[in-house]
Structure formats: C-alpha cells, structure tokens
Amino acid sequence: MNKFEIRKKILKIRKQKNSNKLKIDFKEILKILKKKPIGKIVGGYYPYNNEFDTIEILEKFEKLDYQISLPKIGKNSQMNFFSWSSKDPLVINKYGIPEPSSKKVIYPSILLVPLVAFDKYCNRIGYGGGFYDRYINKIKKKKKIITIGLAYSFQKVKEIPIKKYDIRLNFVLTNKKD
C-alpha cells in the first residue's frame, strides 16, 4: 500500500473505534526519559480528528515541573511550538485545531508526535502536510531532541513507504505493551 491508501484505511478505522478511553502508561514515557535525560521542555499537541489524547500526559508533565508547549502553524505552513499551560486558553486555527495564544516560541527537547500510522522501525505517516518532518528537521539543527510518537496499537502497519524527507521517530508508544 502507498501512503495515501494507508492513511485512508487507518483514519477510517480510527474514526470507527471509540478509542478515547485508551491510555498510554505515563511511566513508559518516564522510562525513556530516564535512559536518555535531555531536558524538561515538552512539545505536545492538542488531539484532533480522533488522535491519541495527550492532555492528561501533558498535565502530568506539568505537575513534574516540565515546561509545556503546543504547536502553531504560521506563515508558509511553518510550525513552531509556543509556551502553554493547562490553565491557558486555546484559540482555534484555520484547520480547526486548538492552538496556544502565547507568542513565546519554545524549542522542545521532548517532542510528542501525533501520527496516523507507524511501523516497527518508527517510521510514521501523518496527514500528509509534512509539518512534523519539517519541524523535526529544523529543530535537530538547533538542539538534541527525543521524538516520541503516540498511537493506538491498531495504527501499526507492516511497512511505511519512506521518502528522503521523512523523519524517523526515536520511539513510538501505544496503549498496549509490546
């Protein structure tokens, strides 16, 4: 299957399943961070289109004194992360996705990445806009980061066809322990 077919199939399954009660064990994320200590700035995302819900995870990070940030899409479809707290209001962007109202750009050291599908090599497919691939490529030139994809176990596929601009994640965690 090509990326378009995989994306279409998995998005349909994700929409049909009522998966919002499934959780990722926060301790699994902390285990990764204990092995690779990298800093206390987390880049998360606000769940959209039945994505894995990260809000509870971000709130747990916040309680552990991590600085939280969420993405905003700017000019020329460039994405940056901006400071956010669970107490801060969000603004709906042109894609219908909530974004922080903050103007303070933050460079995360830990990036929680949404995805549509992934394989055992931590390759991912998003919605096809390349936002995260471009952002990860840009931030890796500025600092070391850990990228962690968050997904439901049913989003795993045998193989993701990759192109030269696709960025492999460091880890993918699901609601099931493998």
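Residues numbered from 1 in each chain as written. Predicted model: local features only at pLDDT ≥ 70, side-chain atom pairs only at ≥ 80, totals over all residues. Heavy atoms only, no water.

## Looking at helix α2 (residues 26-35)
1) Next: For α2, the full list of buried residues reads F26, E28, I29, I32 and L33. Down the axis of α2, the buried side of the element spans an arc of 165 degrees, and every buried residue falls inside it. Residues of α2 that are exposed and point over 90 degrees away from its buried face: K27, K34 and K35.
2) Next: Each element contacted by the buried residues of α2 is listed here: α3 (55-63), β7 (110-114), β10 (146-151) and β11 (171-174).
3) Next: Two to three positions downstream of the cap, the backbone nitrogen of K27 sits 3.0 Å from a side-chain oxygen, assigning the N-cap of α2 to D25. (Buried < 20%, exposed > 50% of the residue type's maximum accessible area, 1.4 Å probe, protein only. Helix = DSSP H or I, 4+ residues; strand = E, 2+ residues; numbered from the N terminus. Arc of directions from axis to C-beta. Contact = heavy atoms within 4.5 Å. Polar contact = N/O pair within 3.5 Å; in protein donor to acceptor, adjacent residues only side chain to side chain.)

## Considerations on the layout of surface pockets
Gaps left between atoms are located by rolling a probe of water-molecule size over the structure's atoms.
1) Next: Taken as a whole, the largest pocket encloses approximately 680 Å³ of empty space.
2) Next: Lining the largest pocket are 34 residues, with Y127, G129, G130, F131 and Y132 sitting closest to its centre.
3) Next: Those elements giving two or more residues to the lining of the largest pocket turn out to be α1 (3-16), β2 (67-73), β5 (98-100), β9 (124-125) and α4 (131-140).
4) Next: No other element matches the five residues that α4 contributes to the lining of the largest pocket.
5) Next: Residue composition of the lining of the largest pocket, grouped by class: 19 nonpolar, six polar and nine charged.
6) Next: If you go around the second largest pocket, you meet eleven residues; those closest to its centre are E28, L173, T174, K176 and K177.
7) Next: Broken down by element, the residue count for the lining of the second largest pocket peaks at three residues, all from β11.
8) Next: Residues belonging to the lining of the second largest pocket are distributed by class as follows: three nonpolar, two polar and six charged. (1 Å grid on protein atoms, 1.4 Å probe; cavity = no way out; pocket = protein on both sides within 12 Å on 5 of 7 lines; lining within 4 Å. Points joined across faces, edges and corners; volume = space filled by probe spheres on them. Nonpolar A, V, L, I, M, F, W, Y, C, P; charged D, E, K, R; others polar.)

## Let's talk about the nonpolar core
1) Next: Counting 40 residues, the largest nonpolar core has F61, L112, I148 and L150 as its most contacted members.
2) Next: Setting aside anything within four residues of it in sequence, one finds I148 in contact with I29, I32, I110, L111, L112, V113, F171 and L173.
3) Next: Counting seven residues, the second-largest nonpolar core is a separate cluster that includes I6, I10, V116 and V157. (Core = buried A, V, L, I, M, F, W, Y, C linked by side-chain atoms within 4.5 Å.)

## Remarks on unusual backbone geometry
1) Next: Of note, N76 is a non-glycine position whose phi angle comes to about 55 degrees, a positive value.
2) Next: Its place among the elements puts N76 in the loop between β2 and β3 (79-83).
3) Next: The exposure class assigned to N76 is exposed, which follows from its relative accessible area of 72%.
4) Next: Of note, C122 is a non-glycine position whose phi angle comes to about 70 degrees, a positive value.

## Quick word on the side chain of S102
1) Next: As for its position among the elements, S102 is in the loop between β5 and β6 (105-106).
2) Next: At a separation of 3.0 Å, a polar atom in the side chain of S102 contacts the main-chain amide nitrogen of K104.
3) Next: Apart from residues no more than four positions distant in its own chain, S102 is found in contact with K72, F82 and S83.

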